[in-house]
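What follows is each chain in one-letter form.
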Amino acid sequence: MTIYTYPSFVSEWGPGPAIKTSFEARCDCTLEFIALDSSVAILHRLRLEGESTRADLVLGLDANIMAEARKTGLLAPHGIDTSALELPINWQDDIFVPYDWGYFAFVYDTEQLTNPPSSLEALIDAPDDLKIILQDPRTSTPGLGFLLWMRHVYGDQAPEKWQALQDNILTVSKGWSDAYFSLFMNGEAPMVLSYSTSPAYHMAVDNTDRYQAVAFEEGHYLQVEVAALVRTSQQPALARQFLEFMLTPAFQQEIPLKNVMYPAIDLGQQVPDVFDRLIDPPETLYFQPETVADHRKQWIDEWLNATTR
Amino acid sequence: MAQRDYALIAPPLAHPAWRRWPGRIIALVLMIIVAAGFGGLLTEWQWQAVPALWQSAYLRQVIWFSIYQAAVSTALSLTLAIPVARALHRQSRFRGRGLLLRLTELSLVLPTIVAVFGLVAVYGRSGWFNALLETLGLPASWNLYGLQGILLAHVFFNAPLAARIMLQSMERIPANQWRLAAQLGLGSSAIWRALEWPALRRLLPGLAAFVFTLCFTSFAIVMTLGGGPKSTTVEVAIYQALRYEFDFSQAAVLAVVQLLICGSLWALASRQASAGSLMPGGTVSSDQWPRRDAMPAHRRDRLLLLVFTVFLLLPLVAVAVRGFPGLYGELTHTRLWTSLGRSLIVAVTAASLSIGFGLAILGASQSDTRSGRKWQSGFIEASGHLTLVVPALVLGTGLFVLLRPQLGNVSQGLALVTLINALMALPFVIQVLRGPFKAFDPRSLRLADQFNVRGWYRFRLLLLPLLKRPLLLGFAYAAGLSLGDFSVIALFGSPSSPTLPLLLYQQLSAYQLDDAAGTALVMLVLLFGIFFVLHRLGDGRSRYRQETPVPVRKQAHA
């Protein structure tokens, strides 16, 4: 059985290898992960290949591109019981099954910043010397997440707020890696756009509390990662079995520290302790995938106009 | 007469067709591959995308900014390169010369993410440079982000390249002219007017076009250091259209814009350069004539070269400093060694292919030029430069669209990666080889014809000794370029069996930041190792001590 996914999922440190072993032990099959560039690349590849695709299942689509993925007509209803799901939002979807989630958040360096802004508004009003590193919504998932976050909080006022934020932006990088590795880890700015779960990795594996996320009063934008069956699959039963397996503890326990996200079901005591120390947003912000699909281009143009002026 | 001799004893591959046809065939195949890749996108062409381009104020701004930053970057790089090349030529005994020459080679194949990491550590807000300013009590803190950051990075990448090419062209100035200059007692400025400037003037249009193209298509640097959407390039717009909008039509239109701008620049520059190729004399000065103006400028030159070396070295040192803690852990893991092995196989194969293509293309184009078939020769040369103006991403995606149902397993993907990497390196390999190819003394060649030294013998006995160093250098460039490739591998590679750059990205996305820094250092050491070893090989038995340098880099898209 072939699964299209993204690189960090199958890398040696990702959840992939353990999941492969434990699923193969119960299915009498061979699981093949084909990792593509990114979440968007999975959809891209699926579209390019059309009905000739080898994929039986796609894993790692972002909720924001679900509507686009649905439009391809290449995905099939999952037909499994999703009542075990524990997400901050109510999930009802006939095609997509979530397997983890997290919030976009600003991660800050406690050694550079003792008193981070406690709201989006405070960040926008912050003095110019408080610099943040963002990612481009046209080329990165967190970048798009922040665009939607701003839009959710400010609606039509978003372009003005973007302009007000300009002075606080050190730079807008192409993707998360450049922002986090080349810039943030080099101490270029005290804050970077990332995930609320990022500090968990630093705390659990690097054993440092230096990097923390800051909770904004307006709430945080949600990211949900989903999987779906491919309509042309030769192994529909097996693929469905995998989707069911996804919502069991055997799969989910690999998520917190290997995918550095929240598990999609209640794992109870199996969640690492450091997850208790993560921020707990007062509100979950989320657009329906159709809304994102309908407005993404327009909102990106707004952002472009607001920031190039 | 040659025909009769040929009938008597025929050395292997002696038939004249062997010089022309492989190159012609390869040129044709390359044209077809690039046309196919481009055509793959063009099948999705929609005319609405053209007005959409002009109606968008944003895209107009992108095109304008691409041109503007590339022009300024080129001007700065060349301005810095001229004094550096002169100093390098004057001070042939400068102690750090070897190191500096290796650095000029290396900085051009550095993967952007590694280079940017180093540049930020040195010139960033909390980098060494600002710390130095502070200790010196200078209040002004330097800001890396924005146009100045882009320019700094582009100068870091391109000034060494330009200096290297200029040095090469100065070394082509025949020894008797230097002797004459020495006898006439010409000073520094007179030498500049009489010898150096005429040599450089022929070179500059082509060189400028070349550097401009590299800066114009720059992507990751511009995105990371540019600050935001105010400073993006056409490449970003292409990437965005391909990767996020699935808008092949828009991507194709933008790629055509890029092709028109860079292609017409090339055409213009190569027309200029062909006039300049009527260089006096064919022999390459083997031993450098000691320059009379070397002594007076001794101190100034040394200072300049020292500063330039530090400028190139610092970001690399920074990568080493940051990478060292993670290095030990990395070296004990098999994943590093397997990725390294995979990378090396791809790199060596791609480099060999590239060298083979380059030789065939130059051979054919030279033979066509000699026989007065200008059009064919131009066509063949152009085929080798196509990938400079067609973005790797466009080529890759286009080929993918065409090949889609067939592509599957890891080795097919890697084979395609190897082929595209070879194509991407080809323009640079050709640049390296072209000079020495042109430098063959026509009289010796005629003599060789008379004695029927042709084909394989001719290559081995006559051409190889002269070509050995450029060949090794071209090989090093092509291999280095392939080792650092992020864009093509991301399209076709299989992340479960990564190459070195892919491993780096995987580590980054899994927060293995120390390991990632270690991997970046390994890449750096590997690149340095390749250049060092190949340089030594080239030095060893080369009969002509001749500096034959040149260029390369490609921006990573991933």
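Small disclaimer: the values here were computed from a predicted structure and weren't measured.

**Some points on the overall build of chain A**
Step number 1: The secondary structure content of chain A amounts to 13 helices and twelve strands.
Step number 2: Oriented by its inertia axes, the alpha-carbon framework of chain A measures out at about 60 × 40 × 35 Å.
Step number 3: With 309 residues in all, chain A has 66% of them scored as buried.
Step number 4: Contacts in chain A between residues far apart in sequence, at least 24 positions, make up 77% of those at least 6 positions apart.
Step number 5: Carbon and sulfur atoms make up 44% of the accessible area of chain A, which amounts to about 10800 Å² in all.

**Describing the overall build of chain B**
Step number 1: Each helix and strand counted, chain B has 23 helices and zero strands in total.
Step number 2: The buried share of chain B, reckoned over its 558 residues, is 60%.
Step number 3: Residue pairs in contact within chain B that sit at least 24 positions apart in sequence constitute 85% of those at least 6 positions apart.
Step number 4: Accessible surface, chain B as shown: approximately 22100 Å² in total, 66% of it carbon and sulfur.

**Quick word on the packing of helix H4 (residues 57-90) of chain B against helix H10 (residues 188-216) of chain B**
Residues and elements named next belong to chain B.
Step number 1: It is at 9 Å that the axes of H4 and H10 come closest, and there the two elements cross at 145 degrees. Judged by the sense of rotation from one axis to the other, the crossing of H4 with H10 is right-handed. Together, Ser66, Ile67, Gln69, Ala70, Ala71, Ser73, Thr74, Ser77, Leu78, Ile82, Arg86 and Arg90 of H4 and Ser188, Trp192, Glu196, Leu200, Leu204, Leu207, Ala208, Val211, Phe212, Cys215 and Phe216 of H10 make up the contact between the two elements.
Step number 2: Looking at the contact of H4 with H10, its residues break down into 14 nonpolar, six polar and three charged.

**Considering empty space enclosed by the protein**
Step number 1: In this structure the tally under the stated criterion is 17 cavities of 30 Å³ or more.
Step number 2: There is about 970 Å³ of room inside the largest cavity.
Step number 3: For the largest cavity, the lining is made up of 43 residues, of which Asp37(A), Ser38(A), Trp176(A), Ser177(A) and Ser509(B) are closest to its centre.
Step number 4: Of all the elements in the fold, those that place two or more residues in the lining of the largest cavity are helix H1 (7-10), helix H3 (39-49), helix H6 (141-154), helix H8 (176-183) and strand E10 (220-230) of chain A together with helix H12 (234-243), helix H21 (487-492) and helix H22 (500-509) of chain B.
Step number 5: Its residues placed into classes, the lining of the largest cavity shows 22 nonpolar, 15 polar and six charged.

**A short note on the state of the cysteines**
Step number 1: In total, this model carries one disulfide over all chains according to the counting rule given.
Step number 2: One disulfide bridge connects Cys27(A) with Cys29(A), the sulfur atoms lying 1.9 Å from each other. Between Cys27(A) and Cys29(A), the disulfide has an S-S torsion of -85 degrees and is therefore left-handed. The exposure classification of Cys27(A) matches that of Cys29(A), with both residues buried.
Step number 3: Between Cys215(B), a free cysteine, and Cys262(B), which holds the nearest cysteine sulfur, the sulfur-to-sulfur gap is 10 Å.

**Focus on the interface of chain A and chain B**
Step number 1: Opposite the 54 residues of chain A that make contact, chain B presents 57 residues.
Step number 2: Summed over both sides, the interface between chain A and chain B buries roughly 5300 Å², with carbon and sulfur atoms accounting for 59% of that surface.
Step number 3: Viewed at the interface, chain B and chain A are joined by zero salt bridges.
Step number 4: The tally of links between chain A and chain B comes to ten residue pairs in polar contact (both at pLDDT 80 or more).

**Concerning the packing of aromatic side chains**
Residues and elements named next belong to chain A.
Step number 1: All told, the structure shown has 37 aromatic pairs over all chains when counted by the stated rule.
Step number 2: Each ring, one from Tyr262 and one from Phe275, has its centre 5.5 Å from the other, and the planes form 80 degrees; the classification is edge-to-face. Taken together, the residues Tyr262 in strand E11 (residues 262-263) and Phe275 in the loop between E11 and strand E12 (284-285) connect sequence positions 13 residues apart. As far as the burial class goes, Tyr262 and Phe275 line up, both buried.
Step number 3: Above the face of the Tyr4 ring, Arg45 is positioned so that its terminal group lies 5.8 Å from the ring centre.

**Quick notes on the packing of H8(A) against helix H6 (residues 112-123) of chain B**
Step number 1: Where H8(A) meets H6(B), the closest approach of the two axes is 9 Å, and the angle between their N-to-C directions is 40 degrees. Comparing their axes, H6(B) and H8(A) come out oblique. In this structure, the crossing between H8(A) and H6(B) has a hand that is right-handed. Counted together, Asp178(A), Phe181(A), Ser182(A) and Leu183(A) of H8(A) and Ile113(B), Val116(B), Phe117(B) and Val120(B) of H6(B) form the full contact between these two elements.

**Some remarks on unusual backbone geometry**
All names here are of chain A.
Step number 1: Within the chain, Asp28 stands out as a residue other than glycine whose phi angle is a positive 55 degrees.
Step number 2: With a phi angle near 50 degrees, Val260 is a residue other than glycine that sits in the positive phi range.
Step number 3: On the secondary structure map, Val260 appears in the loop between helix H12 (255-258) and E11.
Step number 4: The exposure class assigned to Val260 is buried, which follows from its relative accessible area of 5%.

**Some words on a nonpolar patch on the surface**
Step number 1: Residues Phe129(B), Leu132(B), Leu136(B) and Leu138(B) make up a contiguous nonpolar surface patch of roughly 370 Å² in combined accessible area.
Step number 2: Relative to the helices and strands, Phe129(B) resides in helix H7 (residues 128-135).

**Some thoughts on the environment of Ser83(A)**
Residues and elements named next belong to chain A.
Step number 1: With respect to the helices and strands, Ser83 occurs in the loop between strand E4 (75-76) and strand E5 (97-109).
Step number 2: Look at Ser83 and you get exposed, because its relative accessible area is 61%.
Step number 3: Within the structure, the side chain of Ser83 is placed 2.9 Å from the side chain of Asp81, a separation counted as a polar contact.

**A short note on the confidence of the model for chain B**
All names here are of chain B.
Step number 1: Of all residues in chain B, 84% have pLDDT values of 70 or greater, and the mean over the chain is 79.
Step number 2: Ignoring residues within four places in sequence, the model shows residues 274-287, a span with pLDDT below 50, making 21 contacts including any to other chains.
Step number 3: Across residues 541-558, confidence stays below pLDDT 50; counting only partners more than four residues off in sequence or on other chains, it has 86 contacts.
Step number 4: Predicted complex, confidence summary: ipTM 0.80, pTM 0.83.

**Some details on the pattern of salt bridges**
All names here are of chain A.
Step number 1: Scanning the model with the defined rule gives 20 salt bridges over all chains in all.
Step number 2: One salt bridge connects Glu51 with Arg231, and the closest N-O pair in it is separated by 2.8 Å. One end of the pair, Glu51, is in the loop between H3 and strand E3 (57-62); the other, Arg231, is in the loop between E10 and helix H10 (236-246), with 180 residues separating them in the sequence.
Step number 3: Each of the salt bridges in this network shares a partner with another, and the network as a whole consists of Arg47, Glu68 and Arg296.

**Let's talk about the pairing of E5(A)**
Residue and element names in this part refer to chain A.
Step number 1: Judged by how many residues are buried, E5 sits mostly within the fold: 13 of 13 residues are covered.
Step number 2: The sheet contact formed by E5 and E10 spans six bridges and is antiparallel. Residue Tyr103 lies in a different strand from E10, and its bridge partner there is Leu222.
Step number 3: Inspection of the sheet shows E5 paired to E11 by two bridges, in the antiparallel sense. In the sheet register, Trp101 faces E11, and the bridge partner there is Tyr262.
Step number 4: Where E5 lies against strand E9 (residues 211-214), four bridges are found, and the strand directions are antiparallel. Bridge assignment links Phe106 to a residue of E9, and that residue is Val214.

Rules used throughout
- Residues numbered from 1 in each chain as written.
- Chains lettered and ligands numbered in written order.
- Predicted model: local features only at pLDDT ≥ 70, side-chain atom pairs only at ≥ 80, totals over all residues.
- Heavy atoms only, no water.
- Helix = DSSP H or I, 4+ residues; strand = E, 2+ residues; numbered from the N terminus.
- Buried < 20%, exposed > 50% of the residue type's maximum accessible area, 1.4 Å probe, protein only.
- Contact = heavy atoms within 4.5 Å.
- Areas by Shrake-Rupley, 256 points an atom, 1.4 Å probe, with all protein chains shown as cover.
- Axes fitted to C-alpha atoms, helices over the stretch in contact; angles between N-to-C directions.
- Left-handed = near helix turned anticlockwise from the far one by under 90°.
- Nonpolar A, V, L, I, M, F, W, Y, C, P; charged D, E, K, R; others polar.
- 1 Å grid on protein atoms, 1.4 Å probe; cavity = no way out; pocket = protein on both sides within 12 Å on 5 of 7 lines; lining within 4 Å.
- Points joined across faces, edges and corners; volume = space filled by probe spheres on them.
- Disulfide = S-S within 2.5 Å.
- Buried area = accessible area lost by both parts, 1.4 Å probe.
- Salt bridge = Lys/Arg side-chain N within 4 Å of Asp/Glu carboxyl O.
- Polar contact = N/O pair within 3.5 Å; in protein donor to acceptor, adjacent residues only side chain to side chain.
- Phe/Tyr/Trp six-rings, centres within 6.5 Å; stacked < 30°, edge-to-face > 60°.
- Lys NZ or Arg CZ within 6 Å of the ring centre and 35° of its normal.
- Parallel < 35°, antiparallel > 145°, perpendicular 65-115°, else oblique.
- Patch = residues over 30% accessible without salt bridge, like charges linked within 9 Å, V, L, I, M, F, W, Y side chains within 5 Å.
- pLDDT = per-residue confidence, 0-100.
- Pairing = 2+ DSSP bridges.

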